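Letter by letter, the chains look like this.
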Amino acid sequence: DQQVKQNSPSLSVQEGRISILNCDYTNSMFDYFLWYKKYPAEGPTFLISISSIKDKNEDGRFTVFLNKSAKHLSLHIVPSQPGDSAVYFCAASDWGKGGKLIFGQGTELSVKP
Amino acid sequence: EAGVAQSPRYKIIEKRQSVAFWCNPISGHATLYWYQQILGQGPKLLIQFQNNGVVDDSQLPKDRFSAERLKGVDSTLKIQPAKLEDSAVYLCASSLSQPSANFGPGTRLTVT
């Protein structure tokens, strides 16, 4: 039962352009959503989050959008840089009921110079 | 602030052998998680501790996996006996009181 899904295993973008990573979820009880970035041989690093009471959160070049009715969130990176090349994981949490993070399968982003 | 520490970083064992992983969370973090990440998949929660009590171990294969967190600080995860399908990266994470968690570098286990 895959409660959090990232349907695109990979994405290739030109440097300077926008990267859009997508994530879908099925559990309407999730109240917190996060994006993690992972480089090879390292653990995931927290990037940005959004609570279910918001529909947008912005941090520098990174913006996360949440569409609760569609059970969909996306991460926008503008402008994309070669250093952004990594695997991005979407995660969801029912923070009010214990807080475990449930992860998607990940999307490998490649930003080409 | 020191990050989450894990050891060893890499381990190769034969099937049916035992293995143990160690995690030292960020100081003061009450919540500790162990995740299993199989190649090409996202991390899957194995067990969650709050201080030294278990909050969630519903996906821990208890016939072969065990974990403990003595004194609410360090934690160990053990596999006995190991199977080929246990080959994965085992990630430890900790958090204070927020939804995000800090992850360690992981232990890559190869079972041959």
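See the structure above.
Worth saying up front: this structure is predicted, and the values here are computed from it rather than measured.

Colleague: Would you take a moment to explain the interface of chain A and chain B for this structure?
Modeller: It is common to give the size of an interface as the accessible area that goes away when the parts come together. With 18 residues of chain A in contact, the opposing surface of chain B contributes 22 residues. Between chain A and chain B lies a buried interface of about 1500 Å² when both sides are counted; carbon and sulfur atoms form 60% of it. The largest contributions to the chain A side of the interface with chain B come from Trp-95, Lys-100 and Phe-103 of chain A, which together make up 33% of the buried area. Joining chain A to chain B, the criterion identifies one salt bridge. Where Asp-56 of chain B meets Lys-100 of chain A, a salt bridge forms, and the shortest distance between an N and an O atom there is 2.9 Å. The interface formed by chain A and chain B holds four residue pairs in polar contact (both at pLDDT 80 or more) in total. Sorting the residues of the side of chain A that touches chain B by element identifies β4 (32-38) and β10 (101-103) of chain A as the ones contributing at least two each.

Colleague: Whenever I open this one, the sheet that holds strand β6 (residues 56-59) of chain A confuses me. Can you help?
Modeller: Two pairing modes exist for strands in a sheet, parallel and antiparallel, and in both the strands are linked by backbone hydrogen bonds. Residue and element names in this part refer to chain A. An order of β1-β3-β8-β7-β6 is seen for the five strands of this open sheet, with the pairing classed as antiparallel. Two strands bound the open sheet, and with one partner strand each, they are β1 (4-5) and β6. Direction of pairing for strand β7 (residues 62-67) relative to strand β8 (residues 72-77): antiparallel, over a ladder of six bridges. The residue of β8 that forms the bridge with Phe-65 is Ser-74.

Colleague: I would appreciate a short explanation of the sheet that holds strand β3 (residues 19-24) of chain B in the present structure.
Modeller: Residue and element names in this part refer to chain B. Strand order in the open sheet formed by four strands is β1-β3-β8-β7, and the pairing between neighbours is antiparallel. Each having just a single partner strand, β1 (5-7) and β7 (65-68) make up the two edges of the open sheet. Here the average twist between neighbouring strands, direction ignored, is 15°.

Colleague: What is the right way to look at the pairing of strand β8 (residues 75-79) of chain B in this model?
Modeller: Consecutive side chains along a regular strand alternate between the two faces of the sheet. All names here are of chain B. Residues Ser-75, Leu-77 and Ile-79 of β8 are buried on one face, while the alternating residues Thr-76 and Lys-78, pointing to the opposite face, are not. Where β3 and β8 come together, five bridges link them in antiparallel fashion. Across the sheet, the residue bridging to Ala-20 is Lys-78, located in β8. Summarising the sheet, β7 and β8 pair through four bridges and their orientation is antiparallel. In the strand pairing of β8, Glu-68 is matched with Thr-76. Following β7, the chain reverses through six residues before pairing antiparallel with β8; Lys-71 in that reversal takes a positive phi of roughly 60°.

Colleague: What is the right way to look at unusual backbone geometry in this model?
Modeller: Negative phi characterises most residues that are not glycine, and trans characterises most peptide bonds. Residue Pro-8 of chain B is bonded to the preceding Ser-7 of chain B through a cis peptide linkage, with omega at -5°. Along the chain, Pro-8 of chain B falls in the loop between β1 and β2 (10-13). Although it is not a glycine, Ala-41 of chain A sits at a positive phi angle of roughly 65°. By secondary structure assignment, the location of Ala-41 of chain A is in the loop between β4 and β5 (45-51).

Analysis parameters
Residues numbered from 1 in each chain as written. Chains lettered and ligands numbered in written order. Predicted model: local features only at pLDDT ≥ 70, side-chain atom pairs only at ≥ 80, totals over all residues. Heavy atoms only, no water. Contact = heavy atoms within 4.5 Å. Buried area = accessible area lost by both parts, 1.4 Å probe. Salt bridge = Lys/Arg side-chain N within 4 Å of Asp/Glu carboxyl O. Polar contact = N/O pair within 3.5 Å; in protein donor to acceptor, adjacent residues only side chain to side chain. Helix = DSSP H or I, 4+ residues; strand = E, 2+ residues; numbered from the N terminus. Pairing = 2+ DSSP bridges. Axes fitted to C-alpha atoms, helices over the stretch in contact; angles between N-to-C directions. Buried < 20%, exposed > 50% of the residue type's maximum accessible area, 1.4 Å probe, protein only.

Just distances and angles here, no functional claims.
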